[in-house]
Amino acid sequence: MALSDDEREILGRLYRQVLRVQGRNRRLDAYYNGEQRLEQLGLAVPPELQRFLTIVAWPGTYADTIEERVDLEGFRLPGATDADEDLWRIWQANGLDEESQLAHLDALVLGRSFIVVGSGDDTPDAPSAEDGDADRDPAVPLVTVESANEVTVELDPRTRRVVAAAKVYQDGDVHRSTLYLPEETIWLERRNAQWVEVDRDVHDLGVVPVVPITNRPRLARREGRSQFERVIGLTDAAARALTNAQLATEIMAIPQRYVLGASKGDFVGKDGEVLTTWEAYFGAIWALANKDAKVGSFSAADLGNFQTIISHYASLVAGLTGLPMRYLGQSTMNPPSAEGIRADESRIIKTCERFARSTGGSWELAMRIVRRIIDGDWDPRLAQMETLWRDPATPTRAQQADAAVKLVQAGILPVEAAWEDMGYSAVRRGKLAALRAAERSADPILEIARSLPAQQAAGEPVPADVGG
């Protein structure tokens, strides 16, 4: 079956869109990796000075700080008290503990990443046994995360929902693409400057199985923005200051000497050979045969002004991002207290919570599509699904335990909810619940003692063997 005219037009639009954003993404990748090209007064650093080029990696620090605090721990269905085991099994089967971190980081760096849901059957995009997935359960839908360098989507201008998506990539020497539509998925290859259909899956989902994770979207800019886009200018300014400091250190940090009335031939070694420039520059003792030559030195330059300007740029970056100054390499005289750390991190914690909220909506939609593939129909309960995230704050273990104990003692939370607040995983919580049940069944006296207040309130007699 060949592509229709409408399908070919959609693929062409999406293909051009992928190519258009790749240049911008390369620039953002360079800033994240600390490999950006530094400009000096509109001119590139001369090649002979490239060795002194010093890059500031503040954008990468900003993105990593947020990503390190965003950990998805499960999905809870309405009416449930714990994470859904079936959805978590699918999550684990697709290796999303690790893959989700890559998706979150790419969204922070590039402004967008994507979740792609498939049936998990033997399709051109599905992992094969040769890729090390021979033991993968074919009944589990395939959920992958994709880069904005390869995937893009088209949104309905009224509903803001994805109406088409495409993945464009290179497999060895072959250029491939996948076109995702609400009712079918089409796999293609590039042959003779034309896209040729290879396979087609009519899934009849009614939705495009591609979900964007978008960072900092705006009403007029739904594609999102890089988290560190606003600090790029300050990063370049700090890098220029550090590069200038490197040059100044080389030229002015060591006291410069001067010689008057001597020529190059007067600088000779013990064997009568003329000294090289390096030996003459750093020589500890200078001996000149010319009795009329005069030797002196200039005072070394004070480079403290570079520290001042770099600290100033760091404070501006901290003001824009909410990062504590210590994250930017600026130490203070006294170590921060626990209260000071919490106050320092309040803005970055709120940034993580906002990012988790928007990202959670994307993962929830992806899991609803997963259930639709498994069940063959949409489950209306999943519209109220809740994504569970680890607390992005950094309280101490003692503070967490103290808060949990107080909430349990006050009757505000059951013990099981306190385990969740303590950050225990679903597996660990299940094991603790089993140990708790075993402890109760093994100690009937303890159970009677715990029921005493209820018995007394109801006017029931206290067992003689317990009341003593």
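Please read these numbers as outputs of a predicted model, since none were measured by experiment. (Residues numbered from 1 in each chain as written. Predicted model: local features only at pLDDT ≥ 70, side-chain atom pairs only at ≥ 80, totals over all residues. Heavy atoms only, no water.)

### What about the overall build of the chain?
Each helix and strand counted, the chain has 14 helices and 14 strands in total. Split into buried and exposed, the 468 residues of the chain put 36% on the buried side. Across the chain, every contact between residues at least 6 apart in sequence was considered, and the portion connecting residues at least 24 apart equals 64%. Looking at the chain as shown, the accessible area adds up to about 26900 Å², and 53% of this sits on carbon and sulfur atoms. (Helix = DSSP H or I, 4+ residues; strand = E, 2+ residues; numbered from the N terminus. Buried < 20%, exposed > 50% of the residue type's maximum accessible area, 1.4 Å probe, protein only. Contact = heavy atoms within 4.5 Å. Areas by Shrake-Rupley, 256 points an atom, 1.4 Å probe, with all protein chains shown as cover.)

### What about the packing of aromatic side chains?
Per the stated rule, a full pass over the model turns up four aromatic pairs. Arranged with centres 5.7 Å apart and planes meeting at 80 degrees, the rings of Tyr15 and Trp195 form a pair that is edge-to-face. Here Tyr15, found in helix H1 (residues 5–33), pairs with Trp195, found in strand E10 (residues 194–202); they are 180 residues apart in sequence, far enough to count as distant. Its relative accessible area of 9% is what places Trp195 among the buried residues. When the centroid spacing of 4.9 Å and the interplanar angle of 65 degrees are considered together, the rings of Trp91 and Trp363 count as edge-to-face. Of this pair, Trp91 sits in helix H3 (residues 85–93) while Trp363 sits in helix H9 (residues 346–375); the two residues are 272 residues apart in sequence, bridging distant segments of the chain. Each member of the pair, Trp91 together with Trp363, is buried. An aromatic cluster is defined as three or more aromatic residues linked by ring pairs; in this entry it consists of Phe75, Trp88, Trp91 and Trp363. The positively charged end of Lys167 is found above the aromatic ring belonging to Tyr169, 4.7 Å away from the centroid. (Phe/Tyr/Trp six-rings, centres within 6.5 Å; stacked < 30°, edge-to-face > 60°. Lys NZ or Arg CZ within 6 Å of the ring centre and 35° of its normal.)

### A closer look at the pattern of salt bridges
Between side chains of opposite charge, pairing is possible as soon as their charged atoms come close. For the structure on display, the rule yields 21 salt bridges. Note that Arg390 and Asp71 form a salt bridge whose closest N and O atoms lie 3.7 Å from each other. Placement of Arg390 in the loop between strand E14 (386–389) and helix H10 (397–409) and of Asp71 in the loop between helix H2 (58–67) and strand E3 (72–76) is noted, with a sequence separation of 319 residues between them. In this structure, Arg326 and Glu345 form a salt bridge, with 3.1 Å as the shortest nitrogen-oxygen distance. Taken together, the residues span a long stretch of sequence, with Arg326 in the loop between helix H7 (304–321) and helix H8 (338–344) and Glu345 in the loop between H8 and H9 at a distance of 19 residues. A residue is classified by how much of its surface remains accessible, and Arg326, at 31% relative accessible area, is partly exposed. Here the salt bridges do not stand alone but share partners, grouping Glu7, Glu184, Glu197 and Arg200 into one network. (Salt bridge = Lys/Arg side-chain N within 4 Å of Asp/Glu carboxyl O.)

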